[in-house]
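Residue strings, one per chain:
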Amino acid sequence: MSLLLSPTARITTTSRLAAFKIPPTVLFSFVVIALVIAWSVAPSLFTSHSPINGVPADKLLGPSATHWFGTDHLGRDLYARVVHGTASSVSSALIAVGIAAIAGGLIGLLAGFFGSWVDIVLARLVDVLLAIPHFLLAVIVVTALGFDTTNAAIATGVSAVAVFARVMRSEVIKTRQATFVEASFLLGGSRWHILLRHVLPNASRSVLPLAVLQFGLSILVIASLAFLGYGDPPPASDWGLLISIGKDYLKWPWLVYAPAFVTIGTVLSLNRISRWLRQTD
């Protein structure tokens, strides 16, 4: 038996390999996100310094081999504070995305599938949420719930519900018109069976890129809320709070640059992954 592949087989193999090829920028983005997740899960593996206790004699030192991001006004290692603050930023963003995806997805699913007065009522609710700027809505919600990082995550999730509802509704309407859904109706399938078995799995495919994108936006919004004082108070080390503290020491710019660059790098990496997911079948 010949070990050589036929031209057709070689073309098929090459096509499959090309389909799984990840661009270098996307691969780098995955590495950045993997590092951020590792920071949030096991921060003690990446730094031995305390994020709370500092050495007064070492205050406001520049970046060096000992202190990669320098030290703050209390002599605390800034790299350690950024690493330990990752858990709060990542978990808060996950809560926000979970709230937005579940609530918004449910609203869009019911509105797009049942139509009629259900669609009208839920569509008006979504229009009301879209009429309020997202950040303003987040500020209103967190003010009502109290100044806390968890409340900031809830507020961020509520402000993004309308976006998920719009995307899910449009995908459900498109999926509902598919031939296999109509065939299921003709074969006597119940509405709830068709909704859960056929419509939901196919319509939710477009939600994944949106969820990744919203994860990055949630990190940015939560950091902004923490910057304004709507998150956990010091000695917490949320990225937005670190930037807020650092702005009072402009002669030592690494206090702002370090947490800001980490935040920007994380958000841009998530945006790049989301764009790649939208372009990938």
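Calculation rules
Residues numbered from 1 in each chain as written. Predicted model: local features only at pLDDT ≥ 70, side-chain atom pairs only at ≥ 80, totals over all residues. Heavy atoms only, no water. 1 Å grid on protein atoms, 1.4 Å probe; cavity = no way out; pocket = protein on both sides within 12 Å on 5 of 7 lines; lining within 4 Å. Points joined across faces, edges and corners; volume = space filled by probe spheres on them. Helix = DSSP H or I, 4+ residues; strand = E, 2+ residues; numbered from the N terminus. Nonpolar A, V, L, I, M, F, W, Y, C, P; charged D, E, K, R; others polar. Phe/Tyr/Trp six-rings, centres within 6.5 Å; stacked < 30°, edge-to-face > 60°. Patch = residues over 30% accessible without salt bridge, like charges linked within 9 Å, V, L, I, M, F, W, Y side chains within 5 Å. Areas by Shrake-Rupley, 256 points an atom, 1.4 Å probe, with all protein chains shown as cover. Salt bridge = Lys/Arg side-chain N within 4 Å of Asp/Glu carboxyl O. Buried < 20%, exposed > 50% of the residue type's maximum accessible area, 1.4 Å probe, protein only. Contact = heavy atoms within 4.5 Å. pLDDT = per-residue confidence, 0-100. Core = buried A, V, L, I, M, F, W, Y, C linked by side-chain atoms within 4.5 Å. Expected span 1.5 Å × (residues − 1). Arc of directions from axis to C-beta.

K.L.:
Please clarify how the layout of surface pockets should be interpreted in this entry.
P.N.:
By rolling a water-sized probe across the atoms, one finds the places where empty space is left. The volume enclosed by the largest pocket comes to roughly 190 Å³. Residue lining of the largest pocket: I33, V36, I37, V90, L94, A211, V212, F215, T266, L270 and I273, and that is the complete set. Of all the secondary-structure elements, those providing two or more residues to the lining of the largest pocket are α2 (24-41), α3 (78-114), α10 (207-227) and α12 (254-279). For the lining of the largest pocket, the class distribution of residues is 10 nonpolar, one polar and no charged.

K.L.:
In this structure, what is going on with the packing of aromatic side chains? I would like to understand it.
P.N.:
The description of an aromatic ring pair uses the distance of the two centres, along with the angle that the planes make with each other. Evaluated as defined, the whole model comprises seven aromatic pairs. With a centroid separation of 5.9 Å and an interplanar angle of 85 degrees, the aromatic rings of W39 and Y79 are classed as edge-to-face. With W39 in helix α2 and Y79 in helix α3, this pair connects stretches of sequence that are 40 residues apart. Here the aromatic rings of W68 and Y79 are separated by 4.9 Å at their centres, their planes lie at 45 degrees, and the arrangement is tilted. With W68 in the loop between α2 and α3 and Y79 in helix α3, the pair connects residues that are 11 residues apart, well separated along the chain. Through a chain of ring-to-ring contacts, the aromatic side chains of W39, W68, F69 and Y79 assemble into a single cluster.

K.L.:
Sorry, what's going on with a nonpolar patch on the surface here?
P.N.:
On the surface, I22, L27, F30 and V31 cluster together to form a nonpolar patch covering roughly 330 Å² of accessible area. Mapped onto the fold, L27 is located in helix α2.

K.L.:
Sorry, what's going on with the side chain of T156 here?
P.N.:
Looking at the element boundaries, T156 is found in helix α6 (residues 149-159). Its relative accessible area of 1% is what places T156 among the buried residues. With near-sequence residues (within four places) excluded, T156 lies in contact with A96, A138, S218, V221, I222 and L225.

K.L.:
Which parts of the structure should I look at to understand the environment of L35?
P.N.:
Among the structural elements, L35 can be located in helix α2. Looking at L35, the relative accessible area reads 37%, which means it is partly exposed. It is 10.0 Å that separates the C-alpha atoms of L35 and F46, two residues lying 11 residues apart in sequence.

K.L.:
I keep staring at the confidence of the model for the protein and nothing clicks. Help me out?
P.N.:
For any part of a model where pLDDT is low, the fine detail of the predicted coordinates should not be relied upon. On average, residues of the protein score 82 in pLDDT, and 87% of them are at 70 or above. The secondary-structure element of the protein with the lowest mean pLDDT is helix α1 (residues 7-19), recorded at 50, while α2 shows the highest, at 92. Counted against residues more than four places away or in other chains, residues 1-5, with its pLDDT under 50, gives one contact.

K.L.:
What is the right way to read the nonpolar core from this model?
P.N.:
Generally speaking, a soluble globular protein has its nonpolar side chains buried in company with each other. Grouped together as the largest cluster of nonpolar side chains are 37 residues, with contacts concentrated most on V82, V172, V199, F215 and I219. Of all the secondary-structure elements, those providing two or more residues to this core are α2, α3, α7 (161-176), α9 (191-203), α10, α11 (239-246) and α12. Discounting residues that sit within four places of it in the chain, F215 has contacts with V90, A93, L94, V97 and L270. The next biggest cluster of nonpolar side chains, apart from the first, holds 18 residues, and it includes A111, L122, V142 and V161.

K.L.:
Looking at this model, I keep getting lost on helix α4 (residues 116-131). Mind explaining?
P.N.:
Two residues of an α-helix separated by three or four positions point the same way, owing to the 3.6 residues in each turn. Given a rise of 1.5 Å per residue, 16 residues ought to cover 22 Å, and the 23 Å separating the end C-alpha atoms of α4 matches this to within 8%. When α4 is considered as a whole, its buried residues turn out to be V118, D119, L122, A123, V126 and L129. Looking straight down α4, one finds that the buried residues subtend no more than 115 degrees of arc, so they occupy a single side. Residues of α4 that are exposed and point over 90 degrees away from its buried face: W117, I120, V128 and A131. The inward-facing, buried residues of α4 contact α3, α5 (134-145) and α7.

K.L.:
Explain unusual backbone geometry to me, please; I cannot follow it from the model alone.
P.N.:
Most peptide bonds are trans, and most residues other than glycine sit at a negative phi. Although it is not a glycine, L60 adopts a positive phi angle of roughly 55 degrees. Tracing the sequence through the fold places L60 in the loop between α2 and α3. Owing to a relative accessible area of 18%, L60 belongs among the buried residues under this scheme.

K.L.:
Sorry if this is basic, but what is going on with the pattern of salt bridges here?
P.N.:
Once their charged atoms are close, side chains differing in charge can pair, the charge on each being opposite to the other. Under the defined criterion, the tally for this structure stands at five salt bridges. Where R76 meets D72, a salt bridge forms, and the shortest distance between an N and an O atom there is 2.8 Å. Residue R76 is classed as buried on the basis of its relative accessible area, which comes to 6%. As a salt-bridge pair, D248 and K247 come within 3.3 Å of each other at their nearest N and O atoms. Note on D248: relative accessible area 54%, which makes it exposed. Overall, K247 belongs to the partly exposed group, its relative accessible area being 37%. Linked by salt bridges that have partners in common, D72, R76 and R81 make up one network.

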